[in-house]
Amino acid sequence: MDMIETKALEFAYPAEEGEKPVLALRGVDTAIEKGSFVVVLGHNGSGKSTFAKSLNAILLPCGGKVYVEGMDTQDEACLLEIRRRVGMVFQNPDNQIVANVVEEDVAFAPENLGVASEEIRRRVDDALAAVDMTAFMTHAPHLLSGGQKQRVAIAGVIAMEPECIVLDEATAMLDPIGRQEVLSAVHKLNREKDITVVLITHHMNEAEEADRVIVMDDGRIALDGTPKEVFTQVEPLRTMGLTVPDTVDLLDRLRKDGLDVPLDALTVDECAAAITAALAKN
Amino acid sequence: MLKDITLGQYFPGNSIAHRLDPRTKILLVTLYIIALFSAKGWMGYAVMAVTLAACVKVSHVGLRALVRGLKPLVFIIAFTGILNMFFTPDTHYLWEWGILRVSVKGIENALFMVIRIMLLVMGTFLMTYTTSPIRLTDGLESLLNPLKKIHVPVHELAMMMAIALRFIPTLIEETDKIMSAQKARGADFDSGNIFQKAKALVPILVPLFISAFRRADELATAMECRCYHGGEGRTKLHVLKYQRRDYVALAGGAVILALVVVLRRLGA
Amino acid sequence: MEPILQVKDLTHTYGAGTPFQRSAVEHMSFDVNEGEFLGIIGHTGSGKSTLIQHLNGLLQPTAGEILLRGKNIWAEPKKIREVRFKVGLVFQYPEYQLFEETVYKDIAFGPANQGKTGDELDHAVREAAKLVGIRDDQLEKSPFELSGGQKRRVALAGVLAMEPEVLVLDEPTAGLDPAGRENLMANIRDYHRNKGKTIILVSHSMDEIARNVDRILVLKNAHVLMQGTPAEVFARGEELLSAGLDVPQITRIAMELKRRGVDIDPAVYTVEALERQLLALRKGGAGC
């Protein structure tokens, strides 16, 4: 079953007077499987953020269609339901927190949805527990660290009980610790609550544990596959202005030097094991 | 540092003052202000000061934090005091110079005025210190609800106020950052005449406004993503419900107002 | 040679006398040598931001002193602005401080405050723009029409135009994509190579630090945890990891190889160096 399906999706931002609008998305055909963890990579201007914002009807297609569990994002009647099912977390943690107290912020979405008070309470408690932020329930958000703020934002989305979370470069402004906090939080949600995750990023290493990696370039899908399949495409990735993980870079060089190592040992452990084995064979 | 300004900042806590219904607190502050303007003579002000002191005590908010809240208002307070001191008409003057005349009544007026403003500000701040902005706006929204009948956009106003309060600390921090960055480029905010000083603010204000607009834009999108569609059909995490303590507090407030009014009669 | 900057027993305490009292920097001492590329790394809250705001006199030490060419920068508090022109500080996300109508005017803000006029000012602006790769035809544009990466370059040029002797960069590549990061760092390396000026780079990314600097200063909990060349610092990889800091991915691979019994120097931090070591091993192995 597909969570989201896009068909020949096109989008153009309104152009300045006298200029022709440039397509940010030029025909994206894909389907996001339910329960999967998908990472979308691409350099700035590749269309990855536009793609993300098309998934929950923040941007509506100029051409083609986007379906969320069968609902057309252009169907106004489905708008709230689409946004409830596909939650979104943005880049700047400060600009998506509405309330002055953590629990009030997490409650914001269920309040908008007209959920009964006792049920909101339960959802807020569950959502904060799910991202490990229960201890900060009554804190003021502006005093939290970046990683903590983003986890509050994730909790705010979880409280809608969505099927899918889209993180639009939600780790870009965080330090390595904050990034790690956010990543482990979404991985846990994917694993334990079976929530579909679409993670938009330009950090290659965030894709290591994904089920699927989509690389966007110039408004189209350029590469699509498992992390191992995608990251071994060393040359195409480089021409698209992306780097490959250092592990693949090293293995690629060693292969060119004539050492018999695989290219798809992505993690540090796999890479070290592969090199050790190759050296022993020698 | 700008960060030290505590203008109405909420201090989380769990005292009785924190737990009172926000509507109760708004009503109490209203009673308090009426009482403050009815107070006359030393006894009246003493009652108000004791009332405030008692409220401060039960709120667990440090007196120091309240006094610090007065800092940005020092100029206004001093100005009002001076105005009253020099321009109160009386029959007998202690000191005269041109239109400036100081009388006993003038000094007394000035003192009362200063005390009144200080009590007013500290009392109001005590409410904002002990009430989270969300609860405060919830309270206001609920109290003003009847106005919806005459098409006053009560929910929208409350929401705007809540968001403004939410972004005050963020924008203060941002101002600090921009100031430091411009100082690093040699900007000078301290010297020069008023005109030069005003001009020196441009490098702070332009980036600040641009950033505020950007934040507003992003926040609006984030709110839409979280299914915000106006006040219709909205529920609340914390439903406001009057408790026993609210009735007690309101009764107490009423008694004090009555006391001040009686004192005024007796004094007259 | 005398160090260009000396930090001596620096302590900075926020909110002294309040319940929120907290030392962001405690007894830090280190030197910055003329012409070197120094990297500073540490977590958020390690005291990095507080430290660098002392280097150009934006913050005043609670205790200790900062010497610029042997002279305490606070010796004459009235002349602290002079220090800010000599130690140029580029903040995080500097594009958010742009305010002028044109790119040219914005870059000119710093040098004009410095007192430069006429040809001297014009030269400073154009030179700085060139250093960061801003084209002449972009100078008359509004800075707000540019892309995010270009705005950041303009902001960087605004500090370079003051021709500082020391350039301090706080997370210059934060939020940029890999290509943008690499381009900007290449500009900064060129500037260092061609002008020979001292640079202090603050970064979260061990990989970025490892690839660019001559010497590293590691901060933790308001103190200096280690300092030394990248090889010296990464030789203590286990210690860095247990302090909750990262090491470059290449160093982690080398550490893991070492753990698996491969005879390798784990203090390696570039792909090329590790590749060389492994090839040498293979040749040695083949000879047996």
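Residues numbered from 1 in each chain as written. Chains lettered and ligands numbered in written order. Predicted model: local features only at pLDDT ≥ 70, side-chain atom pairs only at ≥ 80, totals over all residues. Heavy atoms only, no water.

As named in an unreviewed UniProt entry, chain C is Energy-coupling factor transporter ATP-binding protein EcfA2, taken from Dysosmobacter segnis. UniProt annotates chain C under Subcellular location (unreviewed entry) with the comment "Cell membrane". (UniProt positions renumbered as here; feature names shortened; annotations may be inferred.)

Per an unreviewed UniProt entry, chain B carries the name Energy-coupling factor transporter transmembrane protein EcfT and comes from Dysosmobacter segnis. The annotation that UniProt attaches to chain B under Subcellular location (unreviewed entry) is "Cell membrane". The UniProt entry for chain B carries this comment under Sequence similarities (unreviewed entry): "Belongs to the energy-coupling factor EcfT family."

J.: Teacher, can you tell me more about the overall build of chain C here?
T.: The number of helices and strands found in chain C is 11 helices and 10 strands. Radius of gyration (C-alpha) of chain C: 21 Å, near the 19 Å computed for a compact globule of 288 residues. Projected onto its principal axes, the C-alpha coordinates of chain C cover approximately 70 × 50 × 40 Å. Per-residue burial for chain C yields a buried fraction of 55% across its 288 residues. Taking all contacts inside chain C whose residues are at least 6 apart in sequence as the whole, residues at least 24 apart take part in 63%. Here chain C has roughly 12100 Å² of accessible surface; of this, 48% comes from carbon and sulfur atoms. When the 35 basic and 40 acidic side-chain charges of chain C are each reduced to a single mean position, those positions are 2 Å apart. (Helix = DSSP H or I, 4+ residues; strand = E, 2+ residues; numbered from the N terminus. Rg over C-alpha atoms; globule rule 2.2 N^0.38 Å. Buried < 20%, exposed > 50% of the residue type's maximum accessible area, 1.4 Å probe, protein only. Contact = heavy atoms within 4.5 Å. Areas by Shrake-Rupley, 256 points an atom, 1.4 Å probe, with all protein chains shown as cover. Lys, Arg positive; Asp, Glu negative; His and termini not counted. Charge placed at Lys NZ, Arg CZ, Asp CG, Glu CD.)

J.: I keep staring at the sheet that holds strand 10 (residues 220–225) of chain A and nothing clicks. Help me out?
T.: Pairing between the strands of a sheet comes from backbone hydrogen bonds, and it takes one of two forms, parallel or antiparallel. Residue and element names in this part refer to chain A. Strand order across the open sheet formed by 6 strands is 6-7-8-3-9-10, with mixed pairing between neighbours. In this open sheet, the two strands that pair with only one neighbour each are strand 6 (86–89) and strand 10. Neighbour to neighbour, the strand axes of the sheet diverge by 20 degrees on average, direction disregarded. Sheet topology note: the strand 3 (residues 37–41)/strand 9 (residues 212–217) ladder contains 4 bridges and is parallel. Bridge pairing in strand 9 links V38 to R212. Relative to strand 8 (residues 196–201), helix 6 (residues 176–192) is tilted by about 155 degrees, and along the sheet it contacts strand 3, strand 7 (164–168) and strand 8. (Pairing = 2+ DSSP bridges. Axes fitted to C-alpha atoms, helices over the stretch in contact; angles between N-to-C directions.)

J.: Looking at this structure, how should I read the interface of chain A and chain C?
T.: Interfaces are frequently sized by the accessible area removed from exposure as the parts join. Contacts between the two partners involve 33 residues from chain A and, on the opposite side, 28 residues from chain C. Put simply, chain A and chain C have 3 salt bridges between them. With a closest N to O distance of 3.4 Å, A:R253 and C:E272 form a salt bridge. Put simply, chain A and chain C have 7 residue pairs in polar contact (both at pLDDT 80 or more) between them. Going through the elements one at a time, helix 6, helix 9 (246–256) and helix 10 (268–281) of chain A are the ones with two or more residues in the side of chain A that touches chain C. When the residues that make up the side of chain A that touches chain C are grouped by side-chain class, the tally is 16 nonpolar, 10 polar and 7 charged. (Salt bridge = Lys/Arg side-chain N within 4 Å of Asp/Glu carboxyl O. Polar contact = N/O pair within 3.5 Å; in protein donor to acceptor, adjacent residues only side chain to side chain. Nonpolar A, V, L, I, M, F, W, Y, C, P; charged D, E, K, R; others polar.)

J.: What's the story with the confidence of the model for chain C in this structure? I'm lost.
T.: Detailed reading of the predicted coordinates is not advisable wherever pLDDT is low. Residues and elements named next belong to chain C. With 97% of its residues at a pLDDT of 70 or more, chain C shows a mean pLDDT of 91. Within chain C, the element-level pLDDT minimum falls on helix 11 (residues 271–287), averaging 80, and the maximum on strand 7 (residues 166–170), averaging 97. For this predicted complex, the interface score ipTM comes out at 0.91, alongside a pTM of 0.86. (pLDDT = per-residue confidence, 0-100.)

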